Amino acid sequence: HLEIPTSDPNLHIDSVDEADLVRFSAATDPFDWTSPDDAGFLAVGVQASGSEVVRALGKYNNQLVVLMQDNIQLWAVDPDPARNALTQVIGDIGTSLSKTVANIGTELVFLTAAGFRSLGQQEATTNVRDTDIGSPVDVPVQESIDRLAE
C-alpha cells in the first residue's frame, strides 16, 4: 500500500493497493474512497509503456508521478476526476525501490538499477526527461544496488 501525502485540501489523496491502479479519495473527504462522482481510480497499467506494476508515487511540478520499474507516468490531477489526464509517459527509466523516491527542492529523486536519477525540466521547455544527477555517485553506490538486487 503506497500513498502520496498532500497538504492541499482541494486535492485527492492517492493510494496504490492494486498493482496497476492508483486510487483517489473524494476531494472533500480523504476517508471517502467510494463516492461515484468524486472518488475513483486511475488505470495506470493500461497506459504503461512497460511494466504495469506501480512501485512508487511522487509529486513533480504539481503533477502526480507514478513510477513503475521501467517507466514513469505524469498525471495532471484535479478535484474533478473528469479532468484527470495523463500528460506524459517516460520509458526506459523507473524504480523498483519505493522508499527511495523523495522530493529535493524542485526535483523528484529516485534510485534506479543504474544509480540515483531525477526528473528534471528541460531549459525553456515543458518536456520532462530523466536527468543523470546521480552520475557522480553511481560507482560508489553500485555495490549496494547490486546487493539489493540479489
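Everything numeric in this text was worked out from a predicted model, so none of it was measured.

Asker: Sorry if this is basic, but what is going on with the overall build of the protein here?
Answerer: Helix and strand counts for the protein come out as one helix and twelve strands. When the helices and strands of the protein are placed in sequence order, the string is β-β-β-β-β-β-β-β-β-β-β-β-α. For the protein, the proportion of its 150 residues judged to be buried stands at 39%. Taking all contacts inside the protein whose residues are at least 6 apart in sequence as the whole, residues at least 24 apart take part in 36%. Accessible surface, the protein as shown: approximately 8,400 Å² in total, 50% of it carbon and sulfur.

Asker: Help me understand the side chain of Thr95 in this model?
Answerer: Looking at the secondary structure, you find Thr95 in the loop between strand E8 (85-91) and strand E9 (102-104). According to the relative accessible area criterion, Thr95 is buried, its value standing at 2%. Among the polar contacts listed, one links the side chain of Thr95 to the backbone oxygen of Leu111, at a separation of 2.5 Å.

Asker: What am I meant to see in the confidence of the model for the protein here?
Answerer: Regions with low pLDDT should not have their predicted coordinates read in detail. Overall, the prediction assigns the protein a mean pLDDT of 78, with 77% of residues at 70 or greater. Contacts from residues 121-126, a stretch scored under 50 in pLDDT, to residues over four places away or in other chains number six contacts.

Asker: How should I be thinking about the layout of surface pockets in this particular structure?
Answerer: To locate leftover empty space, one rolls a probe as large as a water molecule over the atoms. In this structure, the largest pocket occupies an estimated 230 Å³ of space. If you go around the largest pocket, you meet 15 residues; those closest to its centre are Gln69, Thr95, Ser96, Thr112 and Ala113. Contributing elements (two or more residues each) for the lining of the largest pocket: strand E10 (107-112) and helix H1 (138-149). With four residues, H1 is the single largest residue contributor to the lining of the largest pocket.

Asker: Before we go on, may I ask you to explain the environment of Arg83 in this structure?
Answerer: The topology assignment puts Arg83 in the loop between strand E7 (71-76) and E8. Ignoring sequence-local partners within four residues, the contact set of Arg83 consists of Ala76 and Asp78.

Asker: I keep staring at the sheet that holds E7 and nothing clicks. Help me out?
Answerer: What links the strands of a sheet is backbone hydrogen bonding, and the strands pair in either a parallel or an antiparallel sense. An order of E5-E6-E7-E8 is seen for the four strands of this open sheet, with the pairing classed as antiparallel. In this open sheet, the two strands that pair with only one neighbour each are strand E5 (56-60) and E8. The average undirected angle you get between the axes of adjacent strands in this sheet is 25°.

Asker: Is there a simple way to explain the nonpolar core in this structure?
Answerer: Most often, soluble globular proteins keep nonpolar side chains buried together rather than apart. Counting residues in each nonpolar core, the largest one holds twelve residues, listed as Ala56, Tyr60, Val65, Leu67, Ile72, Leu74, Ile90, Ile93, Val101, Leu108, Phe110 and Leu119. Elements that contribute at least two residues to this core include exactly E5, strand E6 (63-67), E7 and E10. By size, the runner-up hydrophobic cluster in this structure holds ten residues, among which are Val22, Phe24, Leu42 and Leu64.

Thresholds, definitions, all that
- Residues numbered from 1 in each chain as written.
- Predicted model: local features only at pLDDT ≥ 70, side-chain atom pairs only at ≥ 80, totals over all residues.
- Heavy atoms only, no water.
- Helix = DSSP H or I, 4+ residues; strand = E, 2+ residues; numbered from the N terminus.
- Buried < 20%, exposed > 50% of the residue type's maximum accessible area, 1.4 Å probe, protein only.
- Contact = heavy atoms within 4.5 Å.
- Areas by Shrake-Rupley, 256 points an atom, 1.4 Å probe, with all protein chains shown as cover.
- Polar contact = N/O pair within 3.5 Å; in protein donor to acceptor, adjacent residues only side chain to side chain.
- pLDDT = per-residue confidence, 0-100.
- 1 Å grid on protein atoms, 1.4 Å probe; cavity = no way out; pocket = protein on both sides within 12 Å on 5 of 7 lines; lining within 4 Å.
- Points joined across faces, edges and corners; volume = space filled by probe spheres on them.
- Pairing = 2+ DSSP bridges.
- Axes fitted to C-alpha atoms, helices over the stretch in contact; angles between N-to-C directions.
- Core = buried A, V, L, I, M, F, W, Y, C linked by side-chain atoms within 4.5 Å.

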